[in-house]
Amino acid sequence: ELAEHTMTVDLLRNDLSIVGERVKVDRFRYPLMIEANGQKLIQTVSEISADLPPEFMLGDAIFALLPAGSITGTPKKKCVEALKSIEGYDR
């Protein structure tokens, strides 16, 4: 679990460096209590931040990073290729 979380955080940090500067992991791997379907769950999370250029709109940054590596898995490029061949439609 630690290795998977570390790899995902690194992937997201790398993705953010595409659109931002001074990318950093502010908090690494801490528990967060969430509620889903009436159940209390403990989610392991990390906080990553970056400075976006002034001309960037938030939506532009989000679309530039999709699909998120935390959803596709790693390595992102190969995972996206596999998803496209399996799903047969554009997301």
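Being a predicted model, the structure only gives us computed values, none of them experimental. (Residues numbered from 1 in each chain as written. Predicted model: local features only at pLDDT ≥ 70, side-chain atom pairs only at ≥ 80, totals over all residues. Heavy atoms only, no water.)

**Quick notes on the overall build of the protein chain**
Within the protein chain, the regular secondary structure consists of 4 helices and 2 strands. Across the protein chain, helices and strands are ordered from the amino to the carboxyl terminus as α-β-β-α-α-α. Residues classed as buried in the protein chain amount to 19% of the 91 residues present. In the protein chain, the share of contacts with a sequence separation of at least 24, taken over all contacts with a separation of at least 6, comes to 49%. Side-chain charges of the protein chain comprise 11 positive and 14 negative groups, with the mean position of each set lying 3 Å from the other. (Helix = DSSP H or I, 4+ residues; strand = E, 2+ residues; numbered from the N terminus. Buried < 20%, exposed > 50% of the residue type's maximum accessible area, 1.4 Å probe, protein only. Contact = heavy atoms within 4.5 Å. Lys, Arg positive; Asp, Glu negative; His and termini not counted. Charge placed at Lys NZ, Arg CZ, Asp CG, Glu CD.)

**Structural notes on the pattern of salt bridges**
The full count for this structure, using the stated rule, is 7 salt bridges. With its nearest N and O atoms 2.4 Å apart, the salt bridge here joins Arg13 to Asp10. One end of the pair is Arg13 and the other is Asp10, both in helix α1 (residues 2-19) and 3 residues apart, which spans about a single turn. The class of Arg13 is partly exposed, set by a relative accessible area of 31%. You can call Asp10 partly exposed: its relative accessible area is 39%. Salt-bridge contacts for Glu21 lead to Arg22; the nearest nitrogen and oxygen are separated by 3.8 Å. (Salt bridge = Lys/Arg side-chain N within 4 Å of Asp/Glu carboxyl O.)

**Re the pairing of strand β2 (residues 39-51)**
Where strand β1 (residues 21-36) and β2 come together, 11 bridges link them in antiparallel fashion. Along β2, the bridge assignment pairs Pro31 with Thr44. Between β1 and β2, which pair antiparallel in sequence order, lie 2 residues; one of them, Asn37, sits at a positive phi of approximately 55°. (Pairing = 2+ DSSP bridges.)

**Looking at unusual backbone geometry**
In this structure, the amide linkage connecting Leu66 to the following residue, Pro67, adopts the cis form with an omega of -5°. On the secondary structure map, Pro67 appears in the loop between α2 (58-65) and α3 (69-72). The residue Asn37 is not glycine, and still its phi comes out positive at about 55°. With respect to the helices, strands and loops of the structure, Asn37 is situated in the loop between β1 and β2.

**Details of the confidence of the model for the protein chain**
Averaged over all residues, the pLDDT of the protein chain is 88; the fraction at 70 or higher stands at 99%. β1 holds the highest mean pLDDT among the elements of the protein chain, 95, whereas α3 holds the lowest, 76. (pLDDT = per-residue confidence, 0-100.)

**Thoughts on the packing of aromatic side chains**
One pass over the structure, following the stated rule, counts 0 aromatic pairs. For the cation-ring pair, Arg27 lies above Tyr30, with the distance from its terminal atom to the ring centre recorded as 3.5 Å. (Phe/Tyr/Trp six-rings, centres within 6.5 Å; stacked < 30°, edge-to-face > 60°. Lys NZ or Arg CZ within 6 Å of the ring centre and 35° of its normal.)

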